[in-house]
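Observations on the three-dimensional arrangement
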Amino acid sequence: MKMRFKDVLISAITGTTFMTLFSYLVSVAENENFSEPERLGQLAGRLLPKLSQQQRWSLGWLGHYGVGMLFALVYVHLWRSGKLKHDLLTRIWLGGVSGIIAVAVWKATFKAHPRPPALSYDKYYIQLVPAHMVFALFAGLGYQMLNRNHHCILNKSEYAKINR
């Protein structure tokens, strides 16, 4: 089955938006900044100190949604190909695996960065796993809603052809 860009885009936007909201809520609860886009912007600004605050902010958000697109691309491929079921338990499992991958990537990023930020790394890593579970749940919901509507349109179109 052919993958549609719209499936990936909607899944990525939905998943990334709700994941970010989750990270902000955990940040408030823990009195610690766990915002992935802010951390990405901070890392970019420390590598390129001549960047303006707006440029750092933009890079952080573009990077965050860009990574969301990559995760959604993999998810949609797995769902459309039938390699993974598109059910609640599979989405939670997929989010957990994605969270573990994210922890490894963030650890490597902080370790490789010449000026990593001061933060509670263990807390940051711990919140990444449920944040990615939220991502997978909502990426799947966006994908499901888009495809449900797509199938309804196809059925109405077929209905119209038959009843001409």
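Residues numbered from 1 in each chain as written. Predicted model: local features only at pLDDT ≥ 70, side-chain atom pairs only at ≥ 80, totals over all residues. Heavy atoms only, no water.

1. Overview of the packing of aromatic side chains
In total, this model carries 16 aromatic pairs according to the counting rule given. Ring centres 6.3 Å apart and planes at 65° place the aromatic pair tyrosine 124 and tyrosine 125 in the edge-to-face group. Each member of the pair tyrosine 124 and tyrosine 125 is classed as buried. Three or more aromatic residues link up through ring pairs in this structure, and these residues are Phe34, Trp106, Phe110, Tyr121, Tyr124 and Tyr125. (Phe/Tyr/Trp six-rings, centres within 6.5 Å; stacked < 30°, edge-to-face > 60°. Buried < 20%, exposed > 50% of the residue type's maximum accessible area, 1.4 Å probe, protein only.)

2. Here we look at a nonpolar patch on the surface
On the surface, Trp93, Val97, Ile101 and Val105 cluster together into a nonpolar patch covering about 370 Å² of accessible area. Turning to its location among the elements, valine 97 is positioned in helix 4 (residues 88–112). (Patch = residues over 30% accessible without salt bridge, like charges linked within 9 Å, V, L, I, M, F, W, Y side chains within 5 Å. Areas by Shrake-Rupley, 256 points an atom, 1.4 Å probe, with all protein chains shown as cover. Salt bridge = Lys/Arg side-chain N within 4 Å of Asp/Glu carboxyl O. Helix = DSSP H or I, 4+ residues; strand = E, 2+ residues; numbered from the N terminus.)

3. What to know about the packing of helix 1 (residues 5–30) against helix 3 (residues 53–81)
Interaxial distance between helix 1 and helix 3 falls to 7 Å at its minimum, and their mutual angle equals 125°. As summarised for this structure, helix 1 and helix 3 are arranged oblique, according to the angle between their axes. Taken as a pair, helix 1 and helix 3 cross one another with a handedness that is right-handed. For the pair helix 1 and helix 3, contact is made by Phe5, Asp7, Val8, Leu9, Ser11, Ala12, Ile13, Thr16, Thr17, Met19, Thr20 and Tyr24 and by Trp61, His64, Tyr65, Gly68, Met69, Ala72, Leu73, Val76, Trp79 and Arg80, respectively. In the contact of helix 1 with helix 3, the residues fall into 14 nonpolar, 6 polar and 2 charged. (Axes fitted to C-alpha atoms, helices over the stretch in contact; angles between N-to-C directions. Parallel < 35°, antiparallel > 145°, perpendicular 65-115°, else oblique. Left-handed = near helix turned anticlockwise from the far one by under 90°. Contact = heavy atoms within 4.5 Å. Nonpolar A, V, L, I, M, F, W, Y, C, P; charged D, E, K, R; others polar.)

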